[in-house]
Amino acid sequence: MKLRVKGLGLLLLLVLLALCSTIDVCDARRGKHWRPRSSPSSSLLKKKGKTKKGSSHRQHGSNRRSPPPGPAVGKGYPSPNVPVTPSQSPKPSPAKSNGHTSPPQPPSPSCGKGTQPPPQPPPAPVASPGAVFNVVDFGAKGDGVSDDTKAFQSAWAAACKQGASTVLVPSELEFLVGPISFSGPYCKPNILFQLEGTILAPTNAKAWGSGLLQWLEFTKLSGLSIQGSGTINGRGQQWWTYSDPNDDEDDDTYNQELERMPRVKPTALRFYGSSNVVVAGITIVNSSQCHLKFDNCQGVLVHDLTISSPENSLNTDGIHLQNSKDVSIHHTNLACGDDCISIQTGCSNIYIHNVNCGPGHGISIGGLGRDNTKACVSNVTVRDVNMFRTMTGVRIKTWQGGIGLVQDIRFSNIQVSEVQTPIMIDQFYCDKRTCTNQTSAVAVSGVQYENIRGTFTIKPLHFACSDSSPCSGITLTGVQLKPVQIAHYHLNNPFCWQAFGELFTPTIPPIACLQIGKPAGNNLQSYHDIC
């Protein structure tokens with residue numbers, strides 16, 4: 001009887017154990033299945049947080065190591081030795097993004113952001129990114145005699161269609177190219193014009209017709225760079241050099257060609273209506289008129305440039321700026337027959353430094369306000385410049401009768417050597433024998449001269465300001481200019497007329513003519529109001 005009771009009790013105990021075991025197993029499975037969805041554990045949250053952090057770090061690291069995209073090449077930056085194209089780019093592995101191995105998961109936006117760069121617009125269907133279009137492959141001879149204009153046009157058209165590509169003018173060849181316009185606005189951006197050889201201007205009058213304003217023109221483009229070690233030769237002797245009657249080797253045909261050249265002289269290299277332009281490394285010589293011009297441009301960088309023409313070549317400005325903003329010019333050598341750099345109306349945010357100027361007429365703002373026009377220039381800095389045997393050093397020149405304002409100008413660390421007049425403001429500028437006296441003038445305000453030092457041959461300083469609109473806010477610091485006696489030159493003392501400002505340090509020679517303070521009743525309007 002006792003055995004039966006014990007057996008029955010044991011049987012009941014086994015049944016109860018079986019039932020409890022079944023319930024626990026289900027609860028365990030249910031917990032494992034739902035826990036990630038309902039209430040993630042702290043360990044999983046930490047792991048998830050590490051995954052995002054690691055992925056983000058991987059993304060930024062990839063951006064630092066990747067080469068610049070195609071457009072950067074077009075901005076004048078050197079391309080890497082082995083460019084990485086999209087097909088060559090390494091694909092980061094999700095398993096390695098955070099140092100842990102995780103099970104495969106379905107793709108999601110968060111995973112994609114952690115392992116790949118941000119989505120980019122699809123690239124244009126091109127054969128090879130950063131393709132090079134050699135002008136020789138388009139039929140250019142490069143012998144200096146054959147007309148290669150059409151070959152240059154064809155190479156440009158191909159690069160223009162693709163964008164982020166290169167037009168190559170190879171070295172050790174001379175290409176005769178007539179007047180040409182490399183134009184947009186339908187060109188794709190970021191084209192690099194790699195100039196290694198020489199481009200020659202035509203010397204026959206027929207090529208110029210009745211006269212042109214420019215020879216090589218780039219218009220309405222974005223992200224354009226012209227760089228290399230090549231030369232643009234304007235052969236301007238056809239306009240500003242005449243034969244020597246005592247020269248027995250004169251060519252009568254050449255002399256007749258000189259007489260037929262049009263009176264309108266072209267600028268060698270001109271940019272119009274373009275943005276993010278770079279000109280670097282090249283040489284421009286003997287332009288018939290201005291060597292390099294920027295008109296209606298924004299975002300201009302010029303560096304390591306050489307410009308050269310004879311001292312007696314008329315109107316051959318080195319660099320001419322007009323209606324252009326955000327311009328930087330540095331480490332450049334300029335020798336010409338006119339202004340090394342000319343800054344005209346509509347220019348602002350101009351930064352010029354580490355430039356050698358001479359021979360020439362110095363660095364000038366203006367002439368402004370010609371024919372009673374409105375002219376505005378602001379925020380110009382010229383510093384760390386060497387000038388040798390120039391007509392003026394740093395100059396502001398305006399015509400009588402104009403309106404507008406020149407404001408916030410700084411000339412700093414200018415070293416002059418045998419410069420005729422190192423410092424000049426001339427509101428009575430006139431390039432004719434006589435000019436009519438007029439009342440109104442382009443106002444000049446806020447001009448700083450700092451550490452202008454060296455030697456002069458005629459006059460250290462010339463401030464000729466308007467009676468109706470005197471110059472105001474002129475400051476001089478560290479001006480030390482000593483005379484150099486040169487035959488046929490008469491030395492003069494500093495000259496001031498209606499010039500107001502302040503001397504922060506003693507000057508050599510003393511500049512006693514500057515009127516300290518502000519002009520009486522001069523209610524100068526703001527740049528915003530006038531311009």
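Residues numbered from 1 in each chain as written. Predicted model: local features only at pLDDT ≥ 70, side-chain atom pairs only at ≥ 80, totals over all residues. Heavy atoms only, no water.

## Description of the overall build of the protein
- Of regular secondary structure, the protein possesses eight helices and 32 strands.
- Sorting the 531 residues of the protein into buried and exposed places 44% on the buried side.
- Summarising the internal contacts of the protein: among those between residues at least 6 apart in sequence, 76% fall at separations of at least 24.
- Accessible area for the protein stands at about 28,600 Å²; split by element, carbon and sulfur atoms hold 54% of it. (Helix = DSSP H or I, 4+ residues; strand = E, 2+ residues; numbered from the N terminus. Buried < 20%, exposed > 50% of the residue type's maximum accessible area, 1.4 Å probe, protein only. Contact = heavy atoms within 4.5 Å. Areas by Shrake-Rupley, 256 points an atom, 1.4 Å probe, with all protein chains shown as cover.)

## Notes on the sheet that holds strand E30 (residues 495-497)
- Read across the sheet, 11 strands follow the order E5-E8-E11-E14-E17-E19-E21-E23-E25-E27-E30 without closing on themselves; strand pairing throughout is parallel. Edge positions in the sheet fall to strand E5 (180-183) and E30, since each has one partner strand and no second. The mean inter-strand angle of the sheet, taken between neighbouring strand axes irrespective of direction, is 15°.
- Packed on one face of the sheet, helix H5 (residues 149-162) meets E5 and strand E8 (214-219) and runs near 5° to E5. (Pairing = 2+ DSSP bridges. Axes fitted to C-alpha atoms, helices over the stretch in contact; angles between N-to-C directions.)

## A short note on H5
- Taking 1.5 Å of rise per residue, 14 residues should cover 20 Å, and H5 covers 20 Å from first to last C-alpha, within 8% of that figure.
- All of the buried residues along H5 are Thr149, Ala151, Phe152, Ala155, Trp156, Ala159, Cys160 and Gln162. Taken down its axis, H5 places every buried residue within 165° of arc, on the same side. Projecting away from the buried face of H5 at angles above 90 degrees are the exposed residues Lys150 and Lys161. (Expected span 1.5 Å × (residues − 1). Arc of directions from axis to C-beta.)

## Focus on the packing of aromatic side chains
- One pass over the full model with this rule turns up 13 aromatic pairs.
- Note on Phe218 and Phe271: the rings are 5.5 Å apart at their centroids and 20° apart in plane angle, and the pair reads as stacked. Of this pair, Phe218 sits in strand E8 while Phe271 sits in strand E11 (residues 267-272), placing them 53 residues apart in sequence.
- Exposure remark for Phe218: the relative accessible area of 2% places this residue in the buried category.
- Each member of the aromatic cluster is reached from another via a ring pair, and the members are Trp156, Phe182, Phe193, Phe218, Phe271 and Phe294. (Phe/Tyr/Trp six-rings, centres within 6.5 Å; stacked < 30°, edge-to-face > 60°.)

## Quick look at the nonpolar core
- Residues Phe271, Phe294, Ile319, Phe411, Tyr449 and Phe463 are the most contacted members of the largest nonpolar core, which totals 98 residues.
- Residue contributions to this core reach at least three from each of two domains, namely domain 1 (128-239 + 265-338) and domain 2 (341-521).
- When sequence neighbours within four positions are dropped, the list of residues in contact with Phe294 reads Phe271, Val277, Val279, Val300, Val302, Ile319, His320, Leu321, Gln322 and Ser324. (Core = buried A, V, L, I, M, F, W, Y, C linked by side-chain atoms within 4.5 Å. Domains from an automatic or database assignment.)

## Observations concerning the state of the cysteines
- Throughout the structure, instances matching the rule amount to six disulfides.
- In this model Cys160 forms its disulfide with Cys187; the gap between the sulfur atoms is 1.4 Å. Handedness of the Cys160-Cys187 disulfide follows from its S-S torsion of about -110°: it is left-handed. Of this pair, Cys160 sits in helix H5 while Cys187 sits in the loop between E5 and strand E6 (192-195), and the two are 27 residues apart along the sequence. Like Cys187, Cys160 is buried.
- Among the cysteines around Cys290, which has no disulfide bond, Cys336 carries the closest sulfur, lying 8.7 Å off.
- Given a relative accessible area of 4%, Cys290 falls into the buried group. (Disulfide = S-S within 2.5 Å.)

## Considerations on the pairing of strand E23 (residues 392-398)
- With seven of its seven residues buried, E23 lies for the most part within the structure.
- Relative to E23, strand E21 (residues 363-368) is paired through four bridges, and the arrangement is parallel. For Ile365, the partnering residue across the bridge sits in E23 and is Ile396.

## Regarding the side chain of Ser328
- Here Ser328 shows up in strand E18 (residues 325-335).
- Residues in contact with Ser328, not counting those within four places in the same chain, are Val300, Leu301, Val302 and Tyr351.

## Here we look at the pattern of salt bridges
- Following the criterion strictly, the structure yields seven salt bridges and no others.
- Look at the salt bridges and you will find they share partners, linking Glu217, Arg270 and Asp295 into a network. (Salt bridge = Lys/Arg side-chain N within 4 Å of Asp/Glu carboxyl O.)

## Notes on unusual backbone geometry
- Along the chain, Gly366 connects to Gly367 via a cis peptide bond; the corresponding omega equals 10°.
- Unusually for a residue other than glycine, Arg235 sits at a positive phi of about 45°.
- Locating Arg235 in the fold gives a position in the loop between strand E10 (231-233) and helix H6 (237-240).

## Details of the side chain of Thr457
- With respect to the helices, strands and loops of the structure, Thr457 is situated in the loop between strand E26 (443-456) and strand E27 (461-464).
- Look at Thr457 and you get buried, because its relative accessible area is 1%.
- Every residue in contact with Thr457, bar those within four places of it in the chain, is listed here: Glu418, Val419, Gln420, Val484, Ile486, Tyr489 and Leu491.

## Focus on a nonpolar patch on the surface
- On the surface, a cluster of nonpolar side chains totalling about 280 Å² of accessible area is made up of Phe428, Phe495 and Trp497.
- With respect to the helices and strands, Trp497 occurs in strand E30. (Patch = residues over 30% accessible without salt bridge, like charges linked within 9 Å, V, L, I, M, F, W, Y side chains within 5 Å.)

Keep in mind that these numbers describe shape and distance, not what the molecule does.
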